[in-house]
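# Understanding the architecture of this molecule
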Amino acid sequence: MRKVVLCLALMVPLIAGGCVRTAVGVVKAPFQVAGQVVDWTTTSQDEADRNYGRKMRKKEAREGRERREYEKRCRKHPEECRGYDGYQAAND
């Protein structure tokens, strides 16, 4: 009988510790979920900078293509050409 009581006495802290951890997890869960939702719905400065850089590189690539096409047309038909003031990536 003593062994059973001793075993139960030793197991109570283990069982209670599990309950406490579970209770803490239940209490923290809504705050963790809310924090994750905020992370998903907002854009960090790093993401904004990366997106802006990607957008500018695409615009500059488009300007380069337009400039090359203009120069090609000018070589074929020089009488139709005037100064190239073309596409400006920063103005779009």
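Basis of the calculations
Residue indices follow the written sequence of each chain, beginning from 1 at its first position. Since the coordinates come from a predicted model, pLDDT governs what is reported: local features require at least 70, and pairs of side-chain atoms require 80 or more to be given and counted, while whole-chain, interface and lining totals use all residues. Each side-chain value is derived from all of the structure's non-hydrogen atoms; neither hydrogens nor water enter the calculation. Counting from the N terminus, the helices are the DSSP runs of H or I reaching at least four residues and the strands are the DSSP runs of E reaching at least two. Relative accessible area decides the class of each residue, using a 1.4 Å probe on protein chains only: under 20% of the type maximum gives buried, over 50% gives exposed, and in between gives partly exposed. Per-residue accessibility takes into account occlusion by the displayed protein chains alone, with areas from the Shrake-Rupley method and a 1.4 Å probe. Each patch is built from residues that are more than 30% exposed by relative accessible area and take part in no salt bridge. Like charges join if they lie within 9 Å; nonpolar side chains (Val, Leu, Ile, Met, Phe, Trp, Tyr) join within 5 Å. Put simply, a salt bridge is a Lys or Arg side-chain nitrogen that is within 4 Å of an Asp or Glu carboxyl oxygen. Criterion for a disulfide: a pair of cysteine sulfur atoms at a distance within 2.5 Å. Each helix should span, by expectation, one fewer than its residue count multiplied by 1.5 Å.

## Overview of the overall build of the protein
A tally of regular secondary structure across the protein gives two helices and zero strands. The proportion of buried residues among the 92 residues of the protein is 9%. Working note: accessible area of the protein is about 8,400 Å², and carbon and sulfur atoms make up 60% of it.

## Considering a nonpolar patch on the surface
Nonpolar side chains collect at one region of the surface, where Val 33, Val 37 and Trp 40 lie side by side and expose about 350 Å² of accessible area between them. By the element assignment, Val 33 lies in helix H1 (residues 2–41). Residue classification places Val 33 among the exposed residues on the basis of a relative accessible area of 53%.

## Details of the state of the cysteines
Per the counting criterion, the structure on display carries one disulfide. Across a sulfur-sulfur distance of 1.9 Å, Cys 74 and Cys 81 are joined as a disulfide pair. Around the S-S axis, the bridge from Cys 74 to Cys 81 shows a dihedral of about -120 degrees and counts as left-handed.

## Things to note about helix H2 (residues 45–76)
For an α-helix the count is 3.6 residues per turn, leaving residues at separations of three or four pointing the same way. Taking 1.5 Å of rise per residue, 32 residues should cover 46 Å, and H2 covers 47 Å from first to last C-alpha, within 8% of that figure. Taken as a whole, H2 has its buried residues at Gly 53, Met 56, Lys 59, Gly 64, Tyr 70 and Cys 74.

## A word on the pattern of salt bridges
Between side chains of opposite charge, pairing is possible as soon as their charged atoms come close. Applying the stated rule across the entire model yields one salt bridge. A salt bridge links Arg 50 to Asp 46, with the nearest nitrogen and oxygen atoms 3.4 Å apart. One end of the pair is Arg 50 and the other is Asp 46, both in helix H2 and four residues apart, which spans about a single turn.

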